[in-house]
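Descriptive structure summary
The chain contents come next:
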Amino acid sequence: CKFIIFAKTTITSMTYYWIIPGNLKIFRITDYFSNNDIVDWKQSHYKFSVGDIVFLYVSSPISSIRYMLEVVKTDIPFEESINDSEYWTSKHPVAKEVKNYKYVRLKLLKRSDSPALHIDALSNVGIKVPQGATHRFTFEQIDYILKQF
């Protein structure tokens, strides 16, 4: 379901809010965002739209939502995707399949080191960290996450 943000009585925007997992054993996310602010991410079968907000959950040992990003382009073929191969861990089998996917382009909006975005704190407000992307949240959960940025 889309979350609708109201200003007075007029709809100002309609946005999906997503959480996607990032596995440090596959892609060195923190290193990447130290040097870049745009990333192309595996789109899979998810229906991202330009303007959607994506929270990137970083796997153990960080185990937290660390980044807030905005979708700026979808359905990007591998040949047109950003070359970020230096950040892939060559030992992981997924790294060998990157040419088979379409990508979504994400622009880094904000970073957060808030302990309130750790997996334990997220669980306390009913947010489960997904194995894949998810966008099923209450307004209160979205507000909770946004306040940490």
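So, here's what we can say about the structure. (Residues numbered from 1 in each chain as written. Predicted model: local features only at pLDDT ≥ 70, side-chain atom pairs only at ≥ 80, totals over all residues. Heavy atoms only, no water.)

Details of the overall build of the chain
Within the chain, the secondary structure is distributed over three helices and seven strands. When the elements of the chain are put in sequence order from the N terminus, they spell out β-β-β-α-β-β-β-β-α-α. For the chain, the proportion of its 149 residues judged to be buried stands at 43%. Expressed as a percentage of contacts within the chain between residues at least 6 apart in sequence, the contacts between residues at least 24 apart total 72%. A total accessible area of about 8600 Å² is found for the chain, and carbon and sulfur atoms account for 52% of it. (Helix = DSSP H or I, 4+ residues; strand = E, 2+ residues; numbered from the N terminus. Buried < 20%, exposed > 50% of the residue type's maximum accessible area, 1.4 Å probe, protein only. Contact = heavy atoms within 4.5 Å. Areas by Shrake-Rupley, 256 points an atom, 1.4 Å probe, with all protein chains shown as cover.)

Comments concerning the pattern of salt bridges
Within the structure shown, the criterion is met by four salt bridges. Asp113 is the partner of Arg66 in a salt bridge, and the nearest nitrogen-oxygen pair spans 3.2 Å. Of the two residues, Arg66 is situated in strand S6 (residues 64-77) and Asp113 in the loop between strand S7 (102-111) and helix H2 (119-124); the sequence distance between them amounts to 47 residues. On the basis of relative accessibility, which here comes to 19%, the residue Arg66 falls in the buried class. Two residues, Lys147 and Asp143, come together in a salt bridge whose shortest N-O distance is 3.1 Å. Taken together, the residues Lys147 and Asp143, both in helix H3 (residues 139-147) and four residues apart, mark about one turn of the helix. Taking relative accessible area as the criterion, Lys147 reaches 61% and is therefore assigned exposed. For Asp143, a relative accessible area of 37% puts it in the partly exposed group. (Salt bridge = Lys/Arg side-chain N within 4 Å of Asp/Glu carboxyl O.)

With respect to the packing of aromatic side chains
Under the definition given, this model contains 13 aromatic pairs. Taking the centre distance of 5.9 Å and the plane angle of 25 degrees together, the rings of Phe55 and Phe149 count as stacked. Taken together, the residues span a long stretch of sequence, with Phe55 in strand S5 (residues 53-58) and Phe149 in the segment after H3 at a distance of 94 residues. Taken as a pair, Phe55 and Phe149 share a single burial class, namely buried. Here a set of aromatic residues connected by ring pairs shows up, and it is made of Phe27, Tyr32, Phe33, Trp41, Tyr67, Tyr87 and Trp88. A cation sits over an aromatic face here: Lys42 above Tyr101, 4.3 Å from the ring centre. (Phe/Tyr/Trp six-rings, centres within 6.5 Å; stacked < 30°, edge-to-face > 60°. Lys NZ or Arg CZ within 6 Å of the ring centre and 35° of its normal.)

With respect to the environment of Ser60
Structurally, Ser60 is set in the loop between S5 and S6. Considering only alpha carbons, one finds Ser60 and Lys25, 35 residues apart in sequence, at a separation of 9.1 Å.

Description of the sheet that holds S7
One open sheet holds the five strands; their spatial order is S3-S5-S6-S7-S4, and the pairing between them is mixed. Single-partner strands in this sheet number two, and they are strand S3 (17-22) and strand S4 (38-42). Pairs of neighbouring strands in the sheet enclose a mean axial angle of 40 degrees, with direction left out of account. Packed on one face of the sheet, H3 meets S3, S5 and S6 and runs near 60 degrees to S3. (Pairing = 2+ DSSP bridges. Axes fitted to C-alpha atoms, helices over the stretch in contact; angles between N-to-C directions.)

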